[in-house]
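Geometric and topological summary
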There are 2 protein chains.
Amino acid sequence: MITITNGKQLRQGKTLQTIQSEVAETNRLALSVDCVIFGFDENKLKVLLIRSDLKKYEGRYSLLGDLVYPAEDLDAAAYRILKQRTGLNDLYLEQVQTFGAVDRHPAGRVVTVAYCSLVNVQHHKLKILENELHWHDVKSAVDFAFDHKEILDACYERLQKRIQEHPLGFNLLPKKFSLRELQNLYEAILDVKMDRRNFRKKFFSMDFLTDTNEMEQDVPHRPGKLYKFNYEKYEKKKKKWFGIDF
Amino acid sequence: MITITNGKQLRQGKTLQTIQSEVAETNRLALSVDCVIFGFDENKLKVLLIRSDLKKYEGRYSLLGDLVYPAEDLDAAAYRILKQRTGLNDLYLEQVQTFGAVDRHPAGRVVTVAYCSLVNVQHHKLKILENELHWHDVKSAVDFAFDHKEILDACYERLQKRIQEHPLGFNLLPKKFSLRELQNLYEAILDVKMDRRNFRKKFFSMDFLTDTNEMEQDVPHRPGKLYKFNYEKYEKKKKKWFGIDF
DNA sequence: ATTTAATGTGTAAAATACACACATTCTTAA
DNA sequence: TTAAGAATGTGTGTATTTTACACATTAAAT
């Protein structure tokens, strides 16, 4: 998505006028990157959206995006947007799909490369947010600008697939988490109910959870153990699981 | 890839000069589509490449690509290239990844959307080919122009994954094929050996192979039965197998 | 102290994946 | 014509993975 809504707020974002000038001349096109930033909060999968205050798109929501700079790689543009909007570095990021329908953007031909990224909402909340940024339920979000619903759907489907093949979920959780939180995450993303015992068995058998010897605090029931994800163990084992190339 | 090599041969391809003019001005970029066209022949996975006759890239091979027209959708551009280069319509086509490194193209900023497509080589051979188009072994192909080796690798890995989830392989075979041919295809793409009995069992249990009541002809051994892929049966069943969305 | 609500654990059945051998059919060469 | 060679075609038992399922334990709240 192009940050057409708040040129004043962003130091680096381009305004609608800039985009129009980029694409106005014959045969010109603009290239943008849109980030689908997923979070997990209140046992629901969330996505970070910005509300357009431009009259034309009043009340509609957009993904976070920007034009790609002339001398900037695609991934670099995506990381720049993430840093700019969440204040966080080193987030999980994956290119998903490029959307280039001729009429997808009213300002002219704007081709956008969609990225899926994962953040720990609690971590993010500590940062000072721009006013118009909010977390929305992925399943119930409506009123998108442009083709951003389609982009969100593509990234959500990719996430559903990926999380069944790789342990991505940890990017959405605090460093220390209970198995219940982990299961809630999987159930929310995949929209299924899982058997608690089998879920625990599966994750323990994968053997990349480390017991922190700490317990949950301030929960209104018996506290569960807290675990953390052990990247070293995972790195050693993933080749075996995922065969060919991962 | 941009068809910089043979502007005279192509009715629709753009010449190097065209590309340079597209990207020469400040902040301009060009958008292209590159098709990784896979085939299967002599029990090996092949890819259709064009040899550059431009001095700068002498002896190097490129994927088939072209600039996207100003009023052309990305998929449409990919289909156009396939039609142009193979003479065939309705090929399997899937967008894989977009490559946009700043320096990936010597003519300036050219962002390319990579597509993976599958053709029946026998079918394709019936068409009159352009001189400089040839099928190459995927595993042993070297000397690529630009970042086309990287693009090929990305599409090959995607194909390896996809073929384990969906019955794509039929796009690479004649309408009627023996189980041995089908197994050879899987073994070639996945680079593994499979047990013949278990392979047969698995495909028969999927129940979308229809017996044609015909046998192989002109093989130097006992002929095998010929089957065809039953799309109707597949469509009815795939939801059950692939769960959420496929 | 009692109730409540979630954590933590094991086992049996079912489904799936894997390993494996021999008879059959057709071609080819003696 | 016959024998040898080479690939097709088929079934079963074993190992592994997935699924279903119930009860005792712990801490918080009343």
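The shown structure was predicted, so the numbers you read here are calculated from the model rather than taken from an experiment.

To continue, consider the relation of the copies chain A and chain B. Mapping chain A onto chain B leaves a residual RMSD of 0.0 Å; the transformation is a rotation of 180 degrees accompanied by 0.0 Å of translation along its axis. Such a combination of rotation and displacement between the chain copies is what one expects of a two-fold axis. Taken together, the interface assignments show that 100% of the residues at the interface of chain A recur at the interface of chain B, consistent with an identical surface on both copies.

Further remarks concern the pattern of salt bridges. Inspection of the entire model under this criterion finds 32 salt bridges over all chains. The partner of lysine 233 of chain A in a salt bridge is aspartate 207 of chain A, with the nearest N and O atoms 3.7 Å apart. Of this pair, lysine 233 of chain A sits in helix H7 (residues 231-242) while aspartate 207 of chain A sits in the loop between helix H6 (196-206) and strand S8 (209-215), and the two are 26 residues apart along the sequence. Residue arginine 80 of chain B is joined to aspartate 66 of chain B by a salt bridge in which the shortest nitrogen-to-oxygen separation is 2.9 Å. Of the two residues, arginine 80 of chain B is situated in helix H2 (residues 74-86) and aspartate 66 of chain B in strand S4 (residues 64-67); the sequence distance between them amounts to 14 residues. Arginine 80 of chain B sits in the buried class, given a relative accessible area of 10%. Three or more residues are tied together by salt bridges with common partners; here these are Glu94, Arg158, Arg162 and Glu165 of chain A together with Lys161 of chain B.

Residues and elements named next belong to chain A. A grouping of Arg180, Arg196, Arg200 and Arg222 is seen on the molecular surface, where their side chains present a positively charged patch. Along the chain, arginine 180 turns up in helix H5 (residues 179-190). For arginine 180, a relative accessible area of 38% translates into the label partly exposed.

Considering all chains together, one arrives at 25 aromatic pairs over all chains under this definition. Here the aromatic rings of phenylalanine 229 of chain A and tyrosine 234 of chain A are separated by 5.7 Å at their centres, their planes lie at 50 degrees, and the arrangement is tilted. The two residues phenylalanine 229 of chain A and tyrosine 234 of chain A agree in class, both being buried. Chaining the aromatic ring pairs together yields one cluster made of Phe170, Phe177, Tyr186, Phe199, Phe203, Phe208, Phe229, Tyr231 and Tyr234 of chain B. The ring of tyrosine 69 of chain B carries the charged tip of arginine 80 of chain B above its face, separated from the ring centre by 3.8 Å.

What counts as what
Residues numbered from 1 in each chain as written. Chains lettered and ligands numbered in written order. Predicted model: local features only at pLDDT ≥ 70, side-chain atom pairs only at ≥ 80, totals over all residues. Heavy atoms only, no water. Least-squares fit on C-alpha atoms with pLDDT ≥ 70 in both. Contact = heavy atoms within 4.5 Å. Salt bridge = Lys/Arg side-chain N within 4 Å of Asp/Glu carboxyl O. Helix = DSSP H or I, 4+ residues; strand = E, 2+ residues; numbered from the N terminus. Buried < 20%, exposed > 50% of the residue type's maximum accessible area, 1.4 Å probe, protein only. Patch = residues over 30% accessible without salt bridge, like charges linked within 9 Å, V, L, I, M, F, W, Y side chains within 5 Å. Areas by Shrake-Rupley, 256 points an atom, 1.4 Å probe, with all protein chains shown as cover. Lys, Arg positive; Asp, Glu negative; His and termini not counted. Charge placed at Lys NZ, Arg CZ, Asp CG, Glu CD. Phe/Tyr/Trp six-rings, centres within 6.5 Å; stacked < 30°, edge-to-face > 60°. Lys NZ or Arg CZ within 6 Å of the ring centre and 35° of its normal.

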